[in-house]
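# Architecture at a glance
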Amino acid sequence: MTHDDIWFAIEQFAMNNKLSCSGLAKSGGLDPTTFNKSKRWSKAGQPRWPSTQSLARVLAATGSNFTEFVQLLPSEHKD
């Protein structure tokens, strides 16, 4: 599972819930910029990963579970 895989799954999860990434963040009570592309890398070029708390909040807000989220990972990275 890579950094890109996680962000891909977040984008897919948002689309599956008929939301933008900002709308998904807001649904979980997060800052709307939490999942923005500009937040995925630090200024020094280091990857920023979403927190487990952020994922848990949007899963709860959408009535979903972690298994549903993991199923959105690219198939070659689900193992």
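Conventions and cut-offs
- Residues numbered from 1 in each chain as written.
- Predicted model: local features only at pLDDT ≥ 70, side-chain atom pairs only at ≥ 80, totals over all residues.
- Heavy atoms only, no water.
- Helix = DSSP H or I, 4+ residues; strand = E, 2+ residues; numbered from the N terminus.
- Contact = heavy atoms within 4.5 Å.
- Phe/Tyr/Trp six-rings, centres within 6.5 Å; stacked < 30°, edge-to-face > 60°.
- pLDDT = per-residue confidence, 0-100.
- Buried < 20%, exposed > 50% of the residue type's maximum accessible area, 1.4 Å probe, protein only.
- Core = buried A, V, L, I, M, F, W, Y, C linked by side-chain atoms within 4.5 Å.

Attention now goes to the side chain of arginine 40. Tracing the chain through its elements places arginine 40 in the loop between α2 (21-27) and α3 (52-62). Not counting chain neighbours up to four residues away, the residues in contact with arginine 40 comprise His3, Trp7, Glu11, Cys21, Phe35, Gln46, Pro47 and Arg48.

Here the focus is the packing of aromatic side chains. Taken as a whole and assessed by the stated rule, the structure comprises three aromatic pairs. A connected cluster of aromatic rings, assembled from ring pairs, spans Phe13, Phe66 and Phe69.

Scored by pLDDT, the protein chain comes out at a mean of 93, with 95% of its residues at no less than 70. Looking over the protein chain, one finds the lowest element-wise mean pLDDT in helix α4 (residues 66-70), namely 94, and the highest in α2, namely 97.

The subject of this paragraph is unusual backbone geometry. The phi dihedral of lysine 18 falls on the positive side, at around 55°, and the residue is not glycine. As for its placement among the helices and strands, lysine 18 is situated in the loop between α1 (3-16) and α2. Note on lysine 18: relative accessible area 77%, which makes it exposed.

A few words on the nonpolar core. Counting 17 residues, the largest nonpolar core has Ile10, Phe13, Leu24, Phe35, Val58 and Phe69 as its most contacted members. Of all the secondary structure elements, the ones that give two or more residues to this core are α1, α2 and α3. Per element, the largest residue contribution to this core is six residues, and it comes from α1. When near neighbours in sequence (up to four residues on either side) are disregarded, phenylalanine 13 contacts Leu24, Val58, Leu59, Thr62, Ser64, Phe69 and Leu72.

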